[in-house]
Amino acid sequence: FADEVGEAPAEWMRRMRLDRARRRLAIGNEAITAIALDLGFPSSQYFATVFRRYTGTTPRAYREQSRGAPT
């Protein structure tokens, strides 16, 4: 898998889940906790930690920025 895709399976899955989370945060009003749990993260706190590590911002700030709201 890593030879074909360029990353480990777990890393690829994490990145795919975060891509889906970014889309859902940008277009909907769904609760952040609901998004996190629906995408398979064990808690909203862990989701926020991973999201920040990959994007440099929190899920809430990402949602506000994607909608053009001041942070």
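Undergrad: Honestly, the environment of threonine 57 in this entry has me stumped. Any pointers?
TA: Its location among the elements puts threonine 57 in the loop between helix H4 (44–55) and helix H5 (59–66). For the pair threonine 57 and glutamine 45, spaced twelve residues apart in the sequence, the C-alpha separation amounts to 14 Å. What threonine 57 contacts, discounting residues up to four positions off in sequence, is Phe51, Arg52, Tyr62 and Gln65.

Undergrad: Where do I start with the pattern of salt bridges in this structure?
TA: Proximity of charged atoms lets side chains of opposite charge pair with each other. Summed over the entire model, instances satisfying the criterion amount to five salt bridges. The partner of arginine 14 in a salt bridge is glutamate 11, with the nearest N and O atoms 2.9 Å apart. Of this pair, arginine 14 and glutamate 11 both sit in helix H2 (residues 9–27), three residues apart, which is roughly one turn of the helix. Given a relative accessible area of 26%, glutamate 11 falls into the partly exposed group. Where salt bridges share partners, they join Arg24, Glu30 and Asp38 into one cluster.

Undergrad: Before we go on, may I ask you to explain the side chain of arginine 63 in this structure?
TA: Mapped onto the elements, arginine 63 comes out in helix H5. Salt bridges are absent for the buried arginine 63, whose nearest opposite-charge side chain, glutamate 30, sits at 6.3 Å. Reaching out from arginine 63, the side chain makes a polar contact with the backbone oxygen of leucine 25 at a distance of 3.2 Å. Filtering out sequence-adjacent residues up to four positions away, arginine 63 remains in contact with Arg24, Leu25, Gly28, Asn29, Glu30, Ile32 and Ile35.

Undergrad: Where do I start with the packing of aromatic side chains in this structure?
TA: To describe a pair of aromatic rings, one takes the distance between the centres and the angle between the planes. Within the structure shown, the criterion is met by five aromatic pairs. Taken together, a centroid distance of 5.8 Å and an interplanar angle of 75° make the contact between phenylalanine 1 and tryptophan 12 edge-to-face. Here the residue phenylalanine 1 occupies a position in the segment before helix H1 (2–5), and tryptophan 12 occupies one in helix H2, the gap between them amounting to eleven residues. Ring centres of phenylalanine 51 and tyrosine 62 lie 5.5 Å apart, and the angle between their planes is 75°; on these two criteria the pair is classed as edge-to-face.

Rules behind the numbers
- Residues numbered from 1 in each chain as written.
- Predicted model: local features only at pLDDT ≥ 70, side-chain atom pairs only at ≥ 80, totals over all residues.
- Heavy atoms only, no water.
- Helix = DSSP H or I, 4+ residues; strand = E, 2+ residues; numbered from the N terminus.
- Contact = heavy atoms within 4.5 Å.
- Salt bridge = Lys/Arg side-chain N within 4 Å of Asp/Glu carboxyl O.
- Buried < 20%, exposed > 50% of the residue type's maximum accessible area, 1.4 Å probe, protein only.
- Lys, Arg positive; Asp, Glu negative; His and termini not counted.
- Polar contact = N/O pair within 3.5 Å; in protein donor to acceptor, adjacent residues only side chain to side chain.
- Phe/Tyr/Trp six-rings, centres within 6.5 Å; stacked < 30°, edge-to-face > 60°.

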